[in-house]
Amino acid sequence: MHALDITIHINQTLAQEQQQALEATIREIDGVIAPRFNLPHMLVVLYNAGRTTSAALLAAVRKKGYRAQLVGL
């Protein structure tokens, strides 16, 4: 397993309920180990790079209707 983490910046500030719902959605993606918000608009995702990609994770966030981009890439 090759574990990586990425940070996804979400342009909107999310309420706690929105954060929890988005974490649950991301957690369902095969290969995701641990999604968590470290700020109301910054989602950090630890994932298995052999099972998913940063692009797939970003796409899942955008599919929920949020404007977002990867940080630090």
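Note that the coordinates shown come from a computational prediction; the quantities given were computed from them, not determined experimentally.

Peer 1: Sorry if this is basic, but what is going on with the pattern of salt bridges here?
Peer 2: It is possible for side chains bearing opposite charge to pair when their charged atoms get close. Enumeration according to the criterion identifies one salt bridge in this entry. The partner of Asp30 in a salt bridge is Arg51, with the nearest N and O atoms 2.9 Å apart. Pair noted here: Asp30 is in the loop between α1 (16–27) and β2 (32–39) and Arg51 is in the loop between β3 (42–48) and α2 (54–63), with a separation of 21 residues, a long-range link. Classification of Asp30 by relative accessible area gives partly exposed; the value is 45%. Look at Arg51 and you get exposed, because its relative accessible area is 52%.

Peer 1: Please explain the nonpolar core as it appears in this structure.
Peer 2: Grouped burial of nonpolar side chains is what soluble globular proteins tend to show. In terms of nonpolar packing, the biggest core is built from 17 residues, with Ile8, Ile10, Leu22, Ile26, Leu43 and Val61 touching the most fellow members. Of all the secondary-structure elements, those providing two or more residues to this core are β1 (3–10), α1, β2, β3 and α2. The element that contributes the greatest number of residues to this core is α2, accounting for four residues. When near neighbours in sequence (up to four residues on either side) are disregarded, Val61 contacts Ile8, Ile10, Leu22, Ile26, Leu43, Tyr66 and Ala68.

Peer 1: What is the right way to read a nonpolar patch on the surface from this model?
Peer 2: A cluster of nonpolar residues, Met1, Ile33 and Leu46, forms a patch on the protein surface that exposes about 310 Å² of accessible area. Mapped onto the elements, Leu46 comes out in strand β3.

Peer 1: Please explain the sheet that holds strand β4 (residues 68–71) as it appears in this structure.
Peer 2: Across a sheet, strands are paired by hydrogen bonds formed along the backbone, either parallel or antiparallel in direction. Spatially, β2-β3-β1-β4 is the arrangement adopted by the four strands of the open sheet, whose pairing is antiparallel. Strand pairing shows two members of the sheet lacking a second neighbour, β2 and β4, which therefore form its edges. Between one strand axis and the next, the sheet turns by 30 degrees as a mean value, whatever way the strands run. The pairing of β1 with β4 spans four bridges and is classified as antiparallel. Each bridged residue has a counterpart across the sheet, and for His9 the counterpart in β4 is Gln69. Against the sheet, α1 contacts β1, β2 and β3, and its axis sits at roughly 160 degrees relative to β2. Those strands touched by α2 are β1, β2, β3 and β4, and its axis lies near 150 degrees from that of β4.

Each value, and the rule that gives it
Residues numbered from 1 in each chain as written. Predicted model: local features only at pLDDT ≥ 70, side-chain atom pairs only at ≥ 80, totals over all residues. Heavy atoms only, no water. Salt bridge = Lys/Arg side-chain N within 4 Å of Asp/Glu carboxyl O. Helix = DSSP H or I, 4+ residues; strand = E, 2+ residues; numbered from the N terminus. Buried < 20%, exposed > 50% of the residue type's maximum accessible area, 1.4 Å probe, protein only. Core = buried A, V, L, I, M, F, W, Y, C linked by side-chain atoms within 4.5 Å. Contact = heavy atoms within 4.5 Å. Patch = residues over 30% accessible without salt bridge, like charges linked within 9 Å, V, L, I, M, F, W, Y side chains within 5 Å. Areas by Shrake-Rupley, 256 points an atom, 1.4 Å probe, with all protein chains shown as cover. Pairing = 2+ DSSP bridges. Axes fitted to C-alpha atoms, helices over the stretch in contact; angles between N-to-C directions.

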